[in-house]
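Here is what each chain is made of, one letter per residue.
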Amino acid sequence: MKMLVMAAMLFVVATNVLAQKAEIFQKEGAAIRGYDVVAFFKEQKPVKGLTDYATQWKDATWRFSSQQNLDSFKVSPEKYAPQYGGYCAYGIADGHKAPTETNTWTVLDGKLYFNYNQEVKSTWDKDRPGYIEKANRNWEKIKLAE
């Protein structure tokens with residue numbers, strides 16, 4: 001039993017490390033945990049995407065809740081894709097990649113951002129422009145790094 005638990009823990013750690021090497025944050029087999037990134041803009045809420053409405057972009061699978069949202073993304077993926085590949089905006093500002101929770105989303109000036117958790121989001125909310133400026137400077141250096 002201990003071996004099984006240890007193997008499961010190693011799998012989780014390895015999956016998180018590999019996911020963070022990618023430019024796009026991926027978990028549960030899809031970018032942004034399978035949520036429809038277009039819905040954050042159009043419906044102002046997280047909406048789980050469906051495997052029936054999926055596309056590949058930047059080596060990630062993106063899922064959508066409708067054909068219309070999928071089509072919108074295909075026309076202009078940069079418009080809807082989250083900043084920093086969906087990694088934590090605060091973490092990128094601090095110089096590292098960190099996974100994110102979907103319920104930490106923010107659309108600001110037409111761009112989608114996520115954070116590690118609600119506590120980190122609260123910190124990020126206190127100086128969004130400052131953290132975005134730092135993250136923008138850091139992103140090119142770390143987007144394909146671990």
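Residues numbered from 1 in each chain as written. Predicted model: local features only at pLDDT ≥ 70, side-chain atom pairs only at ≥ 80, totals over all residues. Heavy atoms only, no water.

### What to know about the overall build of the protein
Right, on to step 1. Within the protein, the secondary structure is distributed over seven helices and six strands.
Right, on to step 2. Along its sequence from the N terminus, the protein presents helices and strands in the succession α-β-β-α-β-β-α-α-α-β-β-α-α.
Right, on to step 3. Within the span of the protein, comprising 146 residues, buried residues form 44% of the whole.
Right, on to step 4. Within the protein, contacts between residues separated by at least 24 positions form 58% of all contacts whose residues are at least 6 apart in sequence.
Right, on to step 5. For the protein, the accessible surface area stands at approximately 8,200 Å², while carbon and sulfur atoms represent 54% of it. (Helix = DSSP H or I, 4+ residues; strand = E, 2+ residues; numbered from the N terminus. Buried < 20%, exposed > 50% of the residue type's maximum accessible area, 1.4 Å probe, protein only. Contact = heavy atoms within 4.5 Å. Areas by Shrake-Rupley, 256 points an atom, 1.4 Å probe, with all protein chains shown as cover.)

### A few points about the pairing of strand β5 (residues 101–108)
Right, on to step 1. Bridging between β5 and strand β6 (residues 111–115) involves four bridges; their strand directions are antiparallel. Each bridged residue has a counterpart across the sheet, and for Thr-106 the counterpart in β6 is Tyr-113.
Right, on to step 2. Following β5, the chain reverses through two residues before pairing antiparallel with β6; Asp-109 in that reversal takes a positive phi of roughly 50°. (Pairing = 2+ DSSP bridges.)

### Things to note about the pattern of salt bridges
Right, on to step 1. For the coordinates displayed, the defined rule picks out eight salt bridges.
Right, on to step 2. The closest approach of N and O atoms between Lys-48 and Glu-28, which form a salt bridge, is 3.3 Å. Residue Lys-48 is located in the loop between α2 (37–42) and β3 (50–57), and its partner Glu-28 is located in the loop between β1 (26–27) and β2 (30–31); the two are separated by 20 residues in the primary sequence.
Right, on to step 3. For Arg-128, the salt bridge identified is with Asp-125, shortest N-O distance 3.1 Å.
Right, on to step 4. Since its relative accessible area comes to 31%, Asp-125 is described here as partly exposed. (Salt bridge = Lys/Arg side-chain N within 4 Å of Asp/Glu carboxyl O.)

### Let's talk about helix α6 (residues 118–125)
Turn by turn, an α-helix covers 3.6 residues, leaving residues three or four places apart pointing in a common direction.
Right, on to step 1. Burial in α6 covers these residues: Val-120, Lys-121 and Trp-124. Along the axis of α6, the buried positions cluster into a sector of 100°, meaning they face one direction only.
Right, on to step 2. Packed against the buried residues of α6 are α5 (89–93), β5, β6 and α7 (128–142).
Right, on to step 3. Sitting at the amino-terminal end of α6 is Asn-117, which places a side-chain oxygen 3.1 Å from the backbone nitrogen of Glu-119. (Arc of directions from axis to C-beta. Polar contact = N/O pair within 3.5 Å; in protein donor to acceptor, adjacent residues only side chain to side chain.)

### A few points about the nonpolar core
Right, on to step 1. Formed by 17 residues in total, the largest nonpolar core has its most connected members in Val-37, Trp-62, Phe-64 and Phe-73.
Right, on to step 2. Counting residues per element, the ones that place at least two in this core are α2, β4 (60–64), α3 (67–75) and β6.
Right, on to step 3. Sorting elements by how many residues they give to this core places α2 first, with four residues.
Right, on to step 4. Discounting residues that sit within four places of it in the chain, Phe-73 has contacts with Val-37, Val-38, Thr-55, Trp-57, Trp-62, Phe-64, Tyr-80 and Ala-81.
Right, on to step 5. Phe-25, Tyr-87, Tyr-131 and Ile-132 belong to the second largest nonpolar core, which has 13 residues in total. (Core = buried A, V, L, I, M, F, W, Y, C linked by side-chain atoms within 4.5 Å.)

### So, the side chain of Lys-97
Right, on to step 1. Looking at the element boundaries, Lys-97 is found in the loop between α5 and β5.
Right, on to step 2. Buried charge without a salt bridge: Lys-97, with Glu-23 as the nearest opposite-charge side chain at an N-O distance of 8.0 Å.
Right, on to step 3. Of the polar contacts made by the side chain of Lys-97, one reaches the backbone oxygen of Ala-22; its length is 2.9 Å.
Right, on to step 4. One polar contact links the side chain of Lys-97 to the main-chain carbonyl oxygen of Lys-143, over a distance of 2.5 Å. (Lys, Arg positive; Asp, Glu negative; His and termini not counted.)

### So, the packing of aromatic side chains
Right, on to step 1. Taken as a whole and judged by the stated rule, the model has 13 aromatic pairs.
Right, on to step 2. Both rings, one in Phe-41 and one in Tyr-80, keep their centres 5.4 Å apart while their planes meet at 80°; by these two values the pair is edge-to-face. Remark: Tyr-80 occurs in helix α4 (residues 77–80) and Phe-41 occurs in helix α2; sequence separation between them is 39 residues. Tyr-80 shares its class with Phe-41; the two are buried.
Right, on to step 3. Clustering of aromatic rings is evident, with ring pairs tying together Phe-25, Tyr-84, Tyr-87, Tyr-113, Trp-124 and Trp-139. (Phe/Tyr/Trp six-rings, centres within 6.5 Å; stacked < 30°, edge-to-face > 60°.)

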